[in-house]
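# Examining the three-dimensional arrangement
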Amino acid sequence: MSGFKINKNFLLIGAVLVLIIGGGIYWNNSKPQVKEHLIISTTTSLYETSVLDAIKPMFEAENPGYNVSFISQGTGLAIQTAKNGDADMILVHSPGQEKGFLETGYGVNRKLFAYNFFIIVGPESDPAGVKDMNPGDALQKLYSEGLAGNAQWVSRGDNSGTHSKEKGLWTATGFDLDAIKAETTESGETWYIEAGAGMTATLQLANEKEAYTLTDMATYLKNYKNGNIELVTIVGQGKETLNVYAAVLCNPEENPRGMYDGAQLFMEYILGDDVQEMLVDYGFEEFGSTLFKPWVPELDTPDSEIVQWVEEYAYFEGTECPEEYRHLSGNLYD
Amino acid sequence: MSWQAISEGISEALRLILSMDRTVMEITFRSLYTAGFATLLSTLIGLPLSVVIAMKEFPGRNTLKFIFNSLVGIPTVTLGLFLYTLLSRSGPLGSMELLYTVRGMSIGQAILILPITVSFIISAIESKDAELRDLTRTLGASEFETSIAVLREAYSGVSLALVSSFNRAFAELGIATMLGANISGMTRVLTTAIALETSKGELGLSFALSFILLLVVLLLNYVIRKLQGGDNA
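Residues numbered from 1 in each chain as written. Chains lettered and ligands numbered in written order. Predicted model: local features only at pLDDT ≥ 70, side-chain atom pairs only at ≥ 80, totals over all residues.

This part is about the overall build of chain B. A tally of regular secondary structure across chain B gives eleven helices and zero strands. The helix and strand sequence of chain B, counted from the amino end, reads α-α-α-α-α-α-α-α-α-α-α. Taken over the C-alpha atoms alone, chain B extends approximately 65 × 50 × 30 Å along its principal axes. When each of the 233 residues of chain B is scored for burial, the buried share is 45%. (Helix = DSSP H or I, 4+ residues; strand = E, 2+ residues; numbered from the N terminus. Buried ≥ 20, exposed ≤ 12 C-beta atoms within 10 Å, placed from the backbone.)

This is the structure we're talking about:
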């Protein structure tokens, strides 16, 4: 074994490393770094439809000083990230959790910008016989059929916005979730399954088990279209399954990132005509159905059914954002 | 259904490679860079450290070895979570601004793979005859020269240590997710992109990216093996 050969080996391994690192530096530096870097933590259902990736270049073209990044997390984690000071604003869909975010003083200036509906999906054979019922009756029946061993329910169980919606539906139907979870069928099997996973994984679990679950439209459509699942819509849209997306800024007094102005610009942008008009038919080509309904135009008809529903579901004290949680809001609430 | 996703994945992977898809290239190079830099850091610290542990007698030496051996199996998500709380703005090291950067991910991965580097190099050195270093010393070599001689003798074990370290960093998901947050165009690497596409339900694309990851690992290991002339590799 010659010394030369050994040295050559180490040299070559070193050379490979240098090449890799050099390549990386090249790729990393080939994009501009001088811009203000806005970080938005967002719910997965919003990010994974790619709608934010479509908004990003539009916003950056209009505001060349900013570079926007999205961190895709569940609503619970997205709020935690913002509280830790690692994001400038949040885009989420869980009024209860948003309220908490405002009340702790970390969030200010909440605005609604879009809505759509959750659906309950299940196997086509519908073993519980709940098709086209209203959500309350459907859950009631799913519970009794579940205990009888005829149906199973899969919950996200991950503290996401969808999970919190699901918990809200059970509670509104008069159930105590902790009690439900503890109840098993006569043979001791669980009928209420907690996945602890994202929407796609939860849908796949429900598909394998021929169970029912609550899902957002976009994730369901994508998985159905890709052939990952065979579940069908059992309970469609209605007042109870409303899903409202809100933007909340991080309180500049609590958040050390110092990007409040940029975050406010982004908020104004998604409330503006460009984004609101784009939402009208976003996703139709890919999914065969639109994914989001813009919220701002609905305000032109304040007496409509949908505005009543949203006010009841997602307003606090009759407003998107009570006075005490507004901060340097400019003309956001005019 | 799943089989269809795999075959879709293969053809999609071929398409992405042949068309040199810009996003995929970017993500792949970022993966290589992150893991490569992590390996470099871990080697710079781990090589001298393991020589000292393997060749010196000092109190607590066995405990140290035990700790490094145990940490080889640390869950990436645990380490990622721990590092996130350190690097977060509200954490003690928040002012370093390493969160959501490739540098931060590299440092995290370096910490992850340091136990692999150290443990593997120690066992490579220890597997060589202890008489060698006595002999070298008898011949009048200094401590440093003795270390170099032993490392040369154990080189195939040492390069295995580095390759394994790199592979672990290249294929890990937890730290990249917690510290990088999978930001498009900034911190997205192969593993986080695979996780994202899977959670979107785009299983074909997930498989495609997975095949690219495996292909890179195979290629790198093949090249390094060739460079060693097939000796002991």
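Let us now look at the overall build of chain A. Looking only at helices and strands, chain A has 14 helices and ten strands in total. Oriented by its inertia axes, the alpha-carbon framework of chain A measures out at about 75 × 65 × 40 Å. The contacts in chain A between residues at least 6 apart in sequence include a share of 74% that link residues at least 24 apart. (Contact = placed C-beta atoms within 7 Å.)

For the rest of this paragraph, the subject is the domain arrangement of chain A. Residue and element names in this part refer to chain A. Parsing chain A into structural domains produces domain 1 (36-116 + 243-324) and domain 2 (117-241). Using only C-alpha atoms to locate each centre, domain 1 and domain 2 end up separated by 26 Å. Those elements giving two or more residues to the side of domain 1 that touches domain 2 turn out to be α2 (44-47), α4 (75-83) and α5 (95-103). Taken together, the residues of the side of domain 1 that touches domain 2 break down into four nonpolar, 15 polar and one charged. (Domains from an automatic or database assignment. Nonpolar A, V, L, I, M, F, W, Y, C, P; charged D, E, K, R; others polar.)

A few words now on the interface of chain A and chain B. At the interface, 36 residues of chain A touch 36 residues of chain B. If you list the elements that add at least two residues to the side of chain A that touches chain B, you get α1 (3-29), β2 (66-73), α9 (199-209) and α10 (217-225) of chain A. The greatest single-element share of the side of chain A that touches chain B, amounting to 13 residues, is contributed by α1 of chain A. Classifying every residue of the side of chain A that touches chain B gives 13 nonpolar, 17 polar and six charged.

This next bit is on the packing of α9 of chain A against α10 of chain A. The axes of two packed helices give the description: the angle between them and the distance between them. Residues and elements named next belong to chain A. At a closest axis distance of 10 Å, the pairing of α9 and α10 adopts a crossing angle of 55°. If you check the angle between α9 and α10, you find them oblique. Every pair of crossing elements has a handedness; the one defined by α9 and α10 is right-handed. Taken together, the residues of α10 that come into contact with α9 (itself represented by M199, T200 and L203) are T219, Y220 and N223. For the contact of α9 with α10, the per-class residue count stands at three nonpolar, three polar and no charged. (Axes fitted to C-alpha atoms, helices over the stretch in contact; angles between N-to-C directions. Parallel < 35°, antiparallel > 145°, perpendicular 65-115°, else oblique. Left-handed = near helix turned anticlockwise from the far one by under 90°.)

Here we take up the packing of helix α5 (residues 102-127) of chain B against helix α8 (residues 155-171) of chain B. Residue and element names in this part refer to chain B. Remark: α5 packs on α8, axes separated minimally by 8 Å, with the N-to-C direction vectors making an angle of 160°. Relative to α8, α5 is oriented roughly antiparallel. Note on packing geometry: the crossing formed by α5 with α8 is right-handed. Within the contact between the two elements, α5 uses Q109, L112, I113, I116, T117, F120, I121, A124 and S127 and α8 uses G157, V158, L160, A161, L162, S164, S165, R168 and A169. Its residues assigned to classes, the contact of α5 with α8 comprises eleven nonpolar, six polar and one charged.

Here we take up the confidence of the model for chain A. Any region with low pLDDT has predicted coordinates that should not be read closely. The pLDDT averaged across chain A works out to 89; a share of 93% of its residues lies at or above 70. Across chain A, the secondary-structure element scoring lowest on mean pLDDT is α1 of chain A, at 66, and the one scoring highest is strand β3 (residues 89-92) of chain A, at 96. (pLDDT = per-residue confidence, 0-100.)

A few words now on unusual backbone geometry. All names here are of chain A. Positive phi values are uncommon outside glycine, yet S50 reaches one of about 70°. Among the secondary structure elements, S50 is positioned in the loop between α2 and α3 (51-62). Residue S50 is classed as partly exposed on the basis of its 16 C-beta neighbours within 10 Å.

Residues and elements named next belong to chain B. Looking at helix α7 (residues 143-153), one finds that the buried residues are S147, V150, L151 and E153. Take α7 and look down its axis: the buried residues cluster within an arc of 160°, on one side only. Tucked inside the fold, the buried residues of α7 contact α2 (22-55), α5, α6 (130-138) and α8. (Arc of directions from axis to C-beta.)

Glancing now at the nonpolar core. As a rule of thumb, nonpolar side chains are buried together in soluble globular proteins. Ranked by internal contacts, the top residues of the largest apolar core, which has 147 residues, are M89 and Y212 of chain A. Ranked by residues supplied to this core, first place goes to α5 of chain B with 14 residues. Composition of this core by domain shows at least three residues from each of domain 1 (36-116 + 243-324) and domain 2 (117-241) of chain A. When near neighbours in sequence (up to four residues on either side) are disregarded, Y212 of chain A contacts I120, V121, G122, A128, L142, A151, W153, A206 and I234 of chain A. (Core = buried A, V, L, I, M, F, W, Y, C linked by C-beta atoms within 7 Å.)

What follows is about the pairing of strand β4 (residues 107-122) of chain A. Each regular strand carries side chains that alternate between the two faces of the sheet. All names here are of chain A. Judged by how many residues are buried, β4 sits mostly within the fold: 15 of 16 residues are covered. Taken together, the nine bridges between β4 and strand β9 (residues 242-250) define a ladder with antiparallel strand orientation. Bridging from a neighbouring strand, F117 pairs with L242 of β9. Where β4 lies against strand β10 (residues 293-294), two bridges are found, and the strand directions are antiparallel. For A114, the partnering residue across the bridge sits in β10 and is P294. Here β4 runs beside strand β8 (residues 232-235); their pairing, made up of three bridges, is antiparallel. (Pairing = 2+ DSSP bridges.)

Another aspect to go through is the environment of Y192 of chain A. All names here are of chain A. Counting through the fold element by element, Y192 comes out in strand β6 (residues 192-194). For the pair formed by Y192 and L142, sequence separation is 50 residues and the distance between their alpha carbons is 10.0 Å. If sequence neighbours within four positions are ignored, Y192 has contacts with G146, W153, S155, I180 and K181.

Take α5 of chain A next. Given 3.6 residues per helical turn, the α-helix brings residues three or four places apart onto the same face. All names here are of chain A. Those residues of α5 that fall on the buried side of the exposure criterion are P95, E98, F101 and L102. Along α5, the residues classed as buried sweep out an arc of 115° about the axis, all on the same side. Looking at the packing, one finds that the buried side of α5 touches α4, β3, β4, β9 and α14 (305-314). Once α5 ends, the next one or two residues include G105, with phi positive near 90°.

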